[in-house]
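Understanding the architecture of this molecule
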Amino acid sequence: MRVALSVIAVALAGCVSNGTVRSGSWQIDQRPDLITGQPVAGAVTIAAQASNSTDPLRFSVASLQLTCFENRPIAKINFNFRIGSDRNTSLGYRVNDKPGRDAVESRVLLGYRVIVIEDPAALQQFVTDLRGANQLVVRIRSLNAGTSTSVFRVDGSDQAIEEAYRDCPLSPAQEPRRTT
């Protein structure tokens, strides 16, 4: 009986710890903010494979975070190396084996290691593509930093999306225009 209870306790400890919950490959943050006391909404997954064409022997990690920033939903991809500047960088991605999306509306943050999708239409499309997916391949092309790629496991993304954007919901998808 004690052994069975110990096994269950260890299994549950792996699911919930320090205010975080796991959903597939995602870690969902539910800790309270130190200033407001409100739960921090956000979900993150780590890519074990990230590389850049300027240093083909260097393999690194990258992270994908879904979160609210100043009451707006964003997707943030963070690398351990420079990926380019805002003026000369293009983001593309592919989910599972579906056709990829290129020239996604995004911007590179100062420091040149982070790219964000914050445009409502681009973010809505990204999240729609992410739902139910198992793998996300991200490719960033830059004139001054080469081509950066990362491969993310994204299983469990439905719960991660719901939790990350609970306090700043995505705008509803725009309906197609009807011509009369």
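Look a little higher up for the structure.
Since the structure is predicted, the reported quantities are computational estimates derived from the model, not experimental observations. (Residues numbered from 1 in each chain as written. Predicted model: local features only at pLDDT ≥ 70, side-chain atom pairs only at ≥ 80, totals over all residues. Heavy atoms only, no water.)

**Overview of the nonpolar core**
Ranked by internal contacts, the top residues of the largest apolar core, which has 36 residues, are L64, L66, F126, L136, F152 and Y165. Discounting residues that sit within four places of it in the chain, F152 has contacts with T45, I46, A47, A62, S63, L64, I77, N134, Q135, L136 and V138. (Core = buried A, V, L, I, M, F, W, Y, C linked by side-chain atoms within 4.5 Å. Buried < 20%, exposed > 50% of the residue type's maximum accessible area, 1.4 Å probe, protein only. Contact = heavy atoms within 4.5 Å.)

**Concerning the pairing of strand β11 (residues 135-142)**
Sheet topology places strand β7 (residues 89-95) next to β11; seven bridges connect them, and they run antiparallel. Bridge assignment links Y93 to a residue of β11, and that residue is V138. Pairing of β11 with strand β12 (residues 146-153), which is carried by eight bridges, proceeds in the antiparallel orientation. Note that in β12 the partner of V138 across the bridge is S150. (Pairing = 2+ DSSP bridges. Helix = DSSP H or I, 4+ residues; strand = E, 2+ residues; numbered from the N terminus.)

**Some words on the environment of V114**
You can see V114 is positioned in strand β10 (residues 114-117). Among the residues examined, V114 registers a relative accessible area of 14% and is labelled buried. C-alpha of V114 to C-alpha of A62: the two residues are 52 residues apart in sequence and 9.6 Å apart in space. Look past the residues within four positions of V114 in its chain and what remains in contact with it is K76, I77, N78, I83, R107, V108 and L109.

**Side note on the layout of surface pockets**
Roughly 220 Å³ of internal volume is contained in the largest pocket. Volume-wise, the second largest pocket comes out at about 170 Å³. Elements with a contribution of two residues or more to the lining of the second largest pocket: β5 (59-69) and β6 (72-79). Looking at which element gives the most residues to the lining of the second largest pocket, the answer is β5, with four residues. Split into classes, the residues belonging to the lining of the second largest pocket amount to five nonpolar, two polar and four charged. (1 Å grid on protein atoms, 1.4 Å probe; cavity = no way out; pocket = protein on both sides within 12 Å on 5 of 7 lines; lining within 4 Å. Points joined across faces, edges and corners; volume = space filled by probe spheres on them. Nonpolar A, V, L, I, M, F, W, Y, C, P; charged D, E, K, R; others polar.)

**Quick word on the pattern of salt bridges**
The final tally for this structure, using the stated rule, is nine salt bridges. D158 serves as the salt-bridge partner of R131, at 4.0 Å between the closest nitrogen and oxygen. Taken together, the residues span a long stretch of sequence, with R131 in the loop between α2 (120-130) and β11 and D158 in helix α3 (residues 157-164) at a distance of 27 residues. Take R131: its relative accessible area is 36%, and that puts it in the partly exposed class. Taken together, the shared-partner salt bridges connect R72, R107 and E118 into one network. (Salt bridge = Lys/Arg side-chain N within 4 Å of Asp/Glu carboxyl O.)

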